[in-house]
Amino acid sequence: MHSCPTLEQIIGHATVLANLQRAMDNHHPGHAHLFFGPPGIGKATVAAAFVQALFCPQRERHGGSGCGQCPPCRKVASGNHGDLVSVTVLEGKTRIGVDQVRQLAGFFSLTPMEAPWKVAIVDDAAEMNEAAANALLKTLEEPPARSLLILITHQAGRLLPTIRSRCLKTRFTPLTQSEMQQILRQHAAGKTFAQLDDQALQQIIAIGGHQLGRILTFSQGEWPQWQEKFQQEMSTLPTATLAQILRMAEQWSVAEKFVWMPVLLRTWMQSRLHRHCHTTPTRDNMASWLKMTQTIDSLLHQASSLNLNRRLVLESILIRLARLQGAAC
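Each value, and the rule that gives it
- Residues numbered from 1 in each chain as written.
- Predicted model: local features only at pLDDT ≥ 70, side-chain atom pairs only at ≥ 80, totals over all residues.
- Heavy atoms only, no water.
- Helix = DSSP H or I, 4+ residues; strand = E, 2+ residues; numbered from the N terminus.
- Rg over C-alpha atoms; globule rule 2.2 N^0.38 Å.
- Buried < 20%, exposed > 50% of the residue type's maximum accessible area, 1.4 Å probe, protein only.
- Contact = heavy atoms within 4.5 Å.
- Axes fitted to C-alpha atoms, helices over the stretch in contact; angles between N-to-C directions.
- Parallel < 35°, antiparallel > 145°, perpendicular 65-115°, else oblique.
- Left-handed = near helix turned anticlockwise from the far one by under 90°.
- Nonpolar A, V, L, I, M, F, W, Y, C, P; charged D, E, K, R; others polar.
- Pairing = 2+ DSSP bridges.

Trainee: How would you sum up the overall build of the protein? Please name residues and give values.
Mentor: Counting its secondary structure elements, the protein contains 16 helices and 5 strands. Computed over its C-alpha atoms, the radius of gyration of the protein comes to 25 Å, more than 25% above the 20 Å expected for a compact globule of 329 residues. Principal axes of the C-alpha set define a box for the protein whose edges measure 75 × 45 × 30 Å. The buried share among the 329 residues of the protein stands at 47%. Long-range pairs, those at least 24 residues apart, make up 74% of the contacts in the protein with a sequence separation of at least 6.

Trainee: With reference to specific residues and values, describe the packing of helix H12 (residues 242-252) against helix H16 (residues 310-324).
Mentor: Two elements in contact, H12 and H16, have axes separated by 9 Å at closest approach and are oriented at 135°. Between H12 and H16, the angle falls in the class oblique. Every pair of crossing elements has a handedness; the one defined by H12 and H16 is right-handed. Residues Leu 242, Ile 245, Leu 246, Met 248, Ala 249, Glu 250 and Trp 252 of H12 form the contact with H16, whose participating residues are Arg 311, Leu 314, Glu 315, Leu 318, Ile 319 and Ala 322. For the contact of H12 with H16, the class distribution of residues is 10 nonpolar, no polar and 3 charged.

Trainee: I'd like to hear about the sheet that holds strand E1 (residues 32-36), residue by residue, with values.
Mentor: The strands that make up a sheet are held in pairs by hydrogen bonds between backbone atoms, and each pair lies either parallel or antiparallel. Reading across from one edge, E2-E3-E4-E1-E5 is the order of the 5 strands in this open sheet, with parallel pairing throughout. With partners counted over all chains shown, the strands left at the sheet margins are strand E2 (84-87) and strand E5 (168-171), one partner each. Mean inter-strand twist for the sheet, computed between neighbouring axes without regard to direction, equals 15°. Contacts from helix H2 (residues 43-55) reach E1, E2, strand E3 (118-123) and strand E4 (147-153), with the element oriented near 165° to E4.

The following block contains the structure:
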């Protein structure tokens with residue numbers, strides 16, 4: 001879970017949030033919920049915010065949302081609340097095992113220590129093996145008092161029909177483009193993507209398969225490293241030899257890096273154009289850079305749509321950029 005905003009801070013999913021608010025207003029959120037929908041769009045984030053609201057003593061003062069500041073809210077956010085347990089695939093395993101699910105029965109049998117409810121979140125519930133699913137079904141058939149089970153999955157069809165039928169179903173639909181951009185700019189990732197315009201953010205969202213979870217993980221991992229390395233290597237272009245440029249093209253043409261090339265190059269080109277605007281460029285020079293931007297966009301689009309050789313396309317782009325800056329290659 002990348003962050004834990006409160007219910008009132010969550011962007012998008014208005015219908016889902018309204019339904020959860022109604023459940024809490026009725027003073028009985030249900031014994032079991034199934035959160036399902038496309039991956040990486042905030043199901044786990046909403047689940048955590050829902051638990052915060054259930055546990056927060058200040059909920060009524062915050063319009064049915066957790067305050068995000070009290071000890072219970074902070075414990076939920078950090079995953080250290082005694083009345084909340086999370087179940088997921090253990091490291092080194094491929095499925096959620098029966099022993100993990102059986103432990104939930106013991107957890108639910110205990111009286112809540114601090115909160116009004118005992119809550120368990122299972123993510124991704126479709127990854128339970130057959131024995132685990134059957135063990136969970138027993139818990140659902142005779143739910144303990146003051147217990148709440150939240151199942152999260154993007155593959156609801158893989159769950160036993162008997163499990164699905166015993167849950168309140170909440171379908172999550174994809175966020176809009178503007179909602180995703182707003183989340184990225186407000187999240188800690190906003191610092192990473194602060195220099196990007198809306199078009200570049202749209203490219204990142206598309207490359208990331210419209211999965212916010214995947215994009216946010218990338219923004220805190222490979223992206224800053226790749227961006228720094230790319231910027232450093234691009235700064236050497238004016239004095240680079242042809243052999244050095246070819247090596248650079250080969251390194252960045254591997255599929256996992258090349259897919260991000262439209263954003264990396266766009267960011268670099270924006271910084272170059274910004275620099276030109278604050279110096280005293282000639283009209284011809286500025287026109288050359290603007291034309292180069294269009295050329296790069298066209299080449300990258302052709303590489304994607306026509307499945308062109310990535311290395312050759314990148315060689316062509318880097319050589320053109322080097323020559324534009326006076327290199328003799």
